[in-house]
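# Geometric and topological summary
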Amino acid sequence: DLHIDSPFKGLLKYEPRIAQRLKDATFEAYTRLIDLCISQDAAFVVIAGDVYDGADRSVQAQMRFRDGLSRLQEHGIHAFVVHGNHDPLDGRLSRIPMPESAHVYGPEPAWATAEVDGTAIAQIQGVSYPTREVHDNLALRFTPPSQNLFSIGLLHCNVGGITEHDNYAPCTVDELSATGIDYWALGHVHTRQTMRQSDPVIAYPGNLQGRHPNESGAKGALVVDVDEAGRVSSRFEPLDVVRWESLSVAIDDLSDLDALLETTHAGIETERVRADGRDLVCRISFTGRGLLHQDLAAENALEDLTSELRANYSSAMPFIWVERVSDQTAPQ
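Along each chain, residue indices are assigned from 1 in the same order as the chain's sequence is written. Local features are withheld for residues below a pLDDT of 70 in this predicted model, meaning they are given only at 70 or higher, and side-chain atom pairs are given and counted only at 80 or more; totals for whole chains, interfaces and linings count all residues. With hydrogens and water stripped out, all remaining heavy atoms of the structure feed into the side-chain values.

In this description a helix means any DSSP run of H or I spanning at least four residues, a strand means any run of E spanning at least two, and both kinds are numbered starting from the N terminus. Each helix and strand in the protein was counted, giving seven helices and 16 strands. Between the two quantities, the radius of gyration covers C-alpha atoms and the globule rule is 2.2 Å times the number of residues to the power 0.38. Rg of the C-alpha trace for the protein: 22 Å, near the compact-globule value of 20 Å for 332 residues, within the 12% margin. Across its three principal directions, the C-alpha atoms of the protein cover 70 × 40 × 35 Å. Here the protein, with 332 residues, has 48% of them falling under the buried criterion. What makes two residues a contact is simply this: any of their non-hydrogen atoms within 4.5 Å. Within the protein, residue pairs in contact and separated by at least 24 positions form 68% of the contacts whose partners lie at least 6 positions apart. Here the Shrake-Rupley method, with its probe set to 1.4 Å, supplies the accessible areas, and only the displayed protein chains count as covering residues. Looking at the protein as shown, the accessible area adds up to about 15,800 Å², and 46% of this sits on carbon and sulfur atoms. One way to put it: in the protein the 28 positive side-chain charges average out to a point 4 Å from where the 49 negative ones average out. Burial classification: accessible surface area is computed with a 1.4 Å probe over protein chains only, and a residue below 20% of its type maximum counts as buried, one above 50% as exposed, and the rest as partly exposed. We count Lys and Arg on the positive side and Asp and Glu on the negative side, and we leave His and both chain ends out. To locate a charge, take atom NZ for lysine, CZ for arginine, CG for aspartate or CD for glutamate.

Below is the structure:
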């Protein structure tokens, strides 16, 4: 899921600079994906829905997406794309032609063939959402592969009723497996996970760029290799530009607010190192039981601590932004 041009409305209201940086991050993460495809000499790329963050996709987002696919075409790399609930086919589209190397699927499952230097190497079946809410089991409409080629299913769906996401195009691992397709490349769920390791592989790569605190940790794409016997191996490649992290700081053994700030700074520093040169957005929760519970409950205490933490990182490069501080402590 690319979610190009995600608006980040929650941050815009009180920190426009940070919101703009995050909005740019979805474009930059997509550029990193294109760079990765070229550097890895990929045979092709599959994108499993939610290319854009909204149905009324911006002209800028459409042009940037097209420009990335055009770069791939210059290197002989084809793209196979479906649209999901955020960018269904009935959304607004400008008259911006996509390169010939891009295959965009329609509202009914269809097969397309991937070629390298004129040789067919894989067949890919995909389907796009005609409208935002699709509650039908689209997996049941997929047809078995008809050629003696490695086969890929490209679908935006919720496998097994994952509760954190809308139950669009619901299906099960068994239903996907029954199609005879070798690899299912899935979109919609933003947490990277492999639902089945082989026969077939069923995998969510997640989204390219975290957009809020619930999308914490490394985000990126899966680089998949298939050998001549059809055996699959894959590795995760982080492509995010801004890293979201949630940090818990326990007050149990802390004697005063200076100690609390020092411990919090140490935790942020750990996350900064883990972010490996990326910008960092932190949500901090004070937890545990102790004497500091009363101090944290004082009027404006959290606001003042938030301001103190932000001021400490105001000139940090890459930037570090304390998005929110919450008090989940209890009396000793």
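Okay, back to it.
Turning our attention to a negative patch on the surface. Exposure above 30% relative accessible area and the absence of a salt bridge qualify a residue for a patch, where like charges join within 9 Å and nonpolar side chains (Val, Leu, Ile, Met, Phe, Trp, Tyr) within 5 Å. By definition, a salt bridge exists where a carboxyl oxygen of Asp or Glu is found within 4 Å of a side-chain nitrogen of Lys or Arg. A grouping of Asp256, Asp258, Glu262, Asp295, Glu299, Glu303, Asp304 and Glu308 is seen on the molecular surface, where their side chains present a negatively charged patch. At three residues, helix α7 (residues 301–312) tops the list of elements feeding residues into the negative patch. Examined against the element boundaries, aspartate 256 turns out to sit in the loop between β14 (242–250) and α5 (257–275).

Here we come to the side chain of aspartate 5. With respect to the helices, strands and loops of the structure, aspartate 5 is situated in the segment before α1 (9–12). Only 2.6 Å separates the side chain of aspartate 5 from the side chain of serine 58, close enough to count as a polar contact. For aspartate 5, the contacting residues outside a window of four places in its chain are Lys23, Thr26, Phe27, Asp53, Ser58 and Ala61. Polar contacts, as used here, are pairs of N or O atoms within 3.5 Å; protein pairs need one atom able to donate a hydrogen and one able to accept it. Residues neighboring in sequence count only if both atoms are side-chain atoms.

Let us look at the pattern of salt bridges. Scanning the model with the defined rule gives 16 salt bridges in all. A salt bridge links arginine 66 to aspartate 67; the nearest nitrogen and oxygen atoms lie 2.8 Å apart. Judged by its relative accessible area of 37%, aspartate 67 is partly exposed. Among the ionic pairs, glutamate 108 bridges to arginine 141, the shortest N-O distance being 3.7 Å. Placement of glutamate 108 in the loop between β3 (102–104) and β4 (110–116) and of arginine 141 in the loop between β5 (119–126) and β6 (150–156) is noted, with a sequence separation of 33 residues between them. Residue class for glutamate 108 comes out partly exposed when judged on its relative accessible area of 48%. Salt bridges here are not isolated pairs; linked through shared partners, they connect Arg21, Glu28 and Asp279.

Attention now goes to the sheet that holds strand β10 (residues 193–196). Taking strand neighbours across the sheet as the criterion, the six strands line up as β4-β5-β6-β9-β11-β10 in an open arrangement whose pairing is mixed. Since the sheet does not close on itself, it has two edges, and those belong to β4 and β10, each with one partner. Looking at each pair of strands side by side, their axes are set apart by 25° on average, direction ignored. For β10 and strand β11 (residues 201–204), the ladder comprises three bridges, and the chain directions are antiparallel. Along β11, the bridge assignment pairs arginine 196 with isoleucine 202. Each pair of strands is called paired provided DSSP finds at least two bridges between the two strands. Between N-to-C directions, angles cover 0 to 180 degrees, with each direction set by a line fitted to C-alpha atoms, over the stretch in contact for helices.

What follows covers the sheet that holds β3. Within the open sheet, the three strands sit side by side as β1-β2-β3. Their pairing is parallel. If you trace the sheet from one side to the other, it starts and ends with β1 (44–48) and β3, each paired once. Taken pair by pair, the neighbouring strands of this sheet meet at an average axis angle of 15°, ignoring direction. Bridging between β1 and strand β2 (residues 78–82) involves five bridges; their strand directions are parallel. By the bridge assignment, valine 45 is partnered in β2 with alanine 79.

Pairing geometry for strand β12 (residues 220–226) and strand β13 (residues 232–238), over seven bridges, is antiparallel. Following the sheet pairing, aspartate 225 is matched in β13 by serine 233. Taking the residues between adjacent antiparallel strands as the criterion, β12 and β13 are bridged by five residues, where glycine 230 takes a positive phi near 85°.

Below, the discussion takes up helix α2 (residues 16–39). Spanning 24 residues, α2 covers 34 Å between terminal C-alpha atoms, matching the ideal 34 Å at 1.5 Å per step. We define the bend at each residue as the angle formed by axes fitted to the 7 residues ending at it and the 7 residues starting at it. The largest bend along α2 measures about 25° and falls at alanine 25. Every buried residue of α2 is accounted for by Ile18, Ala19, Leu22, Ala25, Thr26, Phe27, Ala29, Tyr30, Leu33, Ile34, Leu36 and Cys37. Aspartate 41 sits one or two residues past α2 and shows a positive phi near 50°. Multiplying one less than the number of residues by 1.5 Å gives the expected span of a helix.

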